Amino acid sequence: MIGSHHATRSCERLSYHGIYFAIEKIGELAEIPQLHPHSFRHTYSTELLLMGVDPTHAKKLTGHRSLLIVRRAGCSVEQSAASAAYYRAVGEEVEKQDLE
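Residues numbered from 1 in each chain as written. Predicted model: local features only at pLDDT ≥ 70, side-chain atom pairs only at ≥ 80, totals over all residues. Heavy atoms only, no water.

J.: Residues and numbers for unusual backbone geometry, please.
T.: The backbone phi angle of Glu31 is positive, close to 60°, even though this residue is not glycine. Mapped onto the fold, Glu31 is located in the loop between helix 1 (16-29) and helix 2 (37-50). (Helix = DSSP H or I, 4+ residues; strand = E, 2+ residues; numbered from the N terminus.)

What follows is the structure, encoded as structure tokens:
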């Protein structure tokens, strides 16, 4: 088990705030602005939809309460797919990061 880095609560599980702080600190060190745990959740949701996972299943896997939140990620997936289709149609190669 990963212990807390808190001075008075060593060997306890990390709280939400502890995880948030640790990821925020990693973002600072890696020079990634505004990195927070939700970034990973959004990326996971988007990747599930890109793989063709049903939005209802993606909702369950990501722990979202509302299907609308998952569908928001789906909108970006649809936009990326439309952009990729356009670039394929005009014969241009596009990197995945260019579609985000």
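J.: An account of the pattern of salt bridges is requested, with residue identities and associated values reported.
T.: Tallying each qualifying case throughout the model produces one salt bridge. A salt bridge links Lys25 to Glu28; the shortest N-O distance between them is 3.6 Å. Of the two residues, Lys25 and Glu28 both sit in helix 1, three residues apart, roughly one turn of that helix. Relative accessible area serves as the criterion here: at 39%, Lys25 is assigned to the partly exposed category. (Salt bridge = Lys/Arg side-chain N within 4 Å of Asp/Glu carboxyl O. Buried < 20%, exposed > 50% of the residue type's maximum accessible area, 1.4 Å probe, protein only.)

J.: Now, about the packing of aromatic side chains: what can you tell me, with residues and values included?
T.: Counted according to the given criterion, the structure contains two aromatic pairs. Here Tyr16 and Tyr20 contribute two aromatic rings whose centre-to-centre distance is 6.0 Å and whose plane-to-plane angle is 40°, an arrangement assigned as tilted. With Tyr16 and Tyr20 both in helix 1, this residue pair falls four residues apart, about one helical turn. Residue classification places Tyr20 among the partly exposed residues on the basis of a relative accessible area of 28%. Both rings, one in Tyr86 and one in Tyr87, keep their centres 5.3 Å apart while their planes meet at 70°; by these two values the pair is edge-to-face. Exposure remark for Tyr87: the relative accessible area of 29% places this residue in the partly exposed category. (Phe/Tyr/Trp six-rings, centres within 6.5 Å; stacked < 30°, edge-to-face > 60°.)

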